[in-house]
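# Geometric and topological summary
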Amino acid sequence: MTARVFLDGRWLPPEEARISVMDRGFLFGDGVYEVIPVYSRRPFRLEQHLQRLQHSLDGIQLANPHGMSEWIGYVTQLAAEAEWEDQSIYIQVTRGPMAVRNHAFPKEVTPTSVILAEPMTTPPASQREQGIAAVSAADIRWLRCDLKTTSLLANCLLRQMAVAAGCVETVLFRDGFLTEGSASSIFVVRDGVLLAPIQNHLMLPGITYDVILELAARHGLPYEVRDITDAETRAADELWMCSSTKEVLPIVTLDGSAVGRKVGAGGTPGPVFAQMYSWYQDFKATVMRGA
């Protein structure tokens, strides 16, 4: 962990950063969070992440304890002083402590805000070159998945399903349609067309999701944003997962079955993925790192 943690307006050594056991984030998961990737000490799309933080705060009816310029200052300061060139900066805001445990919001609210940095770890080359395995499950999460809240128990249980099966991710379906992964966005490739689920209240508006579609548009890869059925997902030519830390990875088996309809294509990363990965790495070098 970084040498200092931001807690409620103060920079502290990690061992001195403490919150009350009566904090609603601890008791109820009553809070929101953001994870901002940092490359060569440059926070990527910081304002977009902070706008998503604001959307989450609005969704849980909690006033933002800091303005946009304050958040930008705190994050850039931490990115500059942390010991790693590439980082994941974590922001969390909860509704803060209360005098007596009660589900209803306190009349007086003092939010708890935390910022900390960790080293950015990207997937090993073997996962990109050989692909990863995934399992599927019913999306058992609540109906406001567009809010990035700290109430992540359902996500944890779904992610653990993948771990228990020796897989990397759990692909989620709700009422017969693809939503996302337990901690990622999911894309489908069929007949050379990239398919992306519609961003609505049932999935997180992913920033890496946006990058993938921007790269598809820039390089002329046909794509559609629409509802994707369970059957279409399982009959995909290619299946991908993406996130700020996982970047973009090919899913080559789903529930033990090889992904890929074409003869000889199943179970290996596909050609469209290879194109996208190359575009993504170029974008990372020239835009994310500013090279």
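Scroll up to find the structure.
Another aspect to go through is unusual backbone geometry. Of note in the backbone geometry, Asp175 takes a positive phi value of approximately 55° without being a glycine. Secondary-structure assignment places Asp175 in the loop between β8 (169–174) and β9 (177–181). At Asp255, a position not held by glycine, the phi torsion is positive, near 55°. Note that Asp255 resides in the loop between β14 (247–254) and β15 (257–258).

Another aspect to go through is the nonpolar core. Phe187, Leu194, Ile212, Trp240, Val248, Met276 and Tyr280 are the most contacted members of the largest nonpolar core, which totals 27 residues. Within the residue set of this core, elements represented by two or more residues are β10 (185–190), β11 (193–196), α6 (207–219), β13 (238–243) and α8 (271–288). At 8 residues, α8 tops the list of elements feeding residues into this core. Membership of the second largest hydrophobic core comes to 24 residues, among which are Leu62, Trp71, Leu78 and Ile115.

Tallying each qualifying case throughout the model produces 17 salt bridges. Salt-bridge contacts for Glu81 lead to Arg4; the nearest nitrogen and oxygen are separated by 2.9 Å. Within this pair, whereas Glu81 is found in helix α3 (residues 68–81), its partner Arg4 is found in the segment before β1 (5–7), the two being separated by 77 residues in sequence. Under the relative-accessibility criterion, Glu81 is labelled partly exposed at 35%. Asp146 is the salt-bridge partner of Arg144, the closest N and O atoms lying 2.8 Å from each other. Here the salt bridges do not stand alone but share partners, grouping Asp139, Arg141, Arg174 and Glu180 into one network.

Read across the open sheet, the 6 strands follow the order β2-β1-β6-β5-β3-β4; overall the sheet is antiparallel. Two strands in the sheet have a free side with no partner beyond their single neighbour: β2 (10–12) and β4 (42–43). Sheet topology places strand β3 (residues 31–39) next to β4; 2 bridges connect them, and they run antiparallel. Bridge assignment links Tyr39 to a residue of β4, and that residue is Arg42. Contacting β3, β4 and β5 (87–94), helix α2 (residues 46–59) crosses the sheet at an angle of about 175° to β3.

Parameters at a glance
- Residues numbered from 1 in each chain as written.
- Predicted model: local features only at pLDDT ≥ 70, side-chain atom pairs only at ≥ 80, totals over all residues.
- Heavy atoms only, no water.
- Helix = DSSP H or I, 4+ residues; strand = E, 2+ residues; numbered from the N terminus.
- Core = buried A, V, L, I, M, F, W, Y, C linked by side-chain atoms within 4.5 Å.
- Buried < 20%, exposed > 50% of the residue type's maximum accessible area, 1.4 Å probe, protein only.
- Salt bridge = Lys/Arg side-chain N within 4 Å of Asp/Glu carboxyl O.
- Pairing = 2+ DSSP bridges.
- Contact = heavy atoms within 4.5 Å.
- Axes fitted to C-alpha atoms, helices over the stretch in contact; angles between N-to-C directions.

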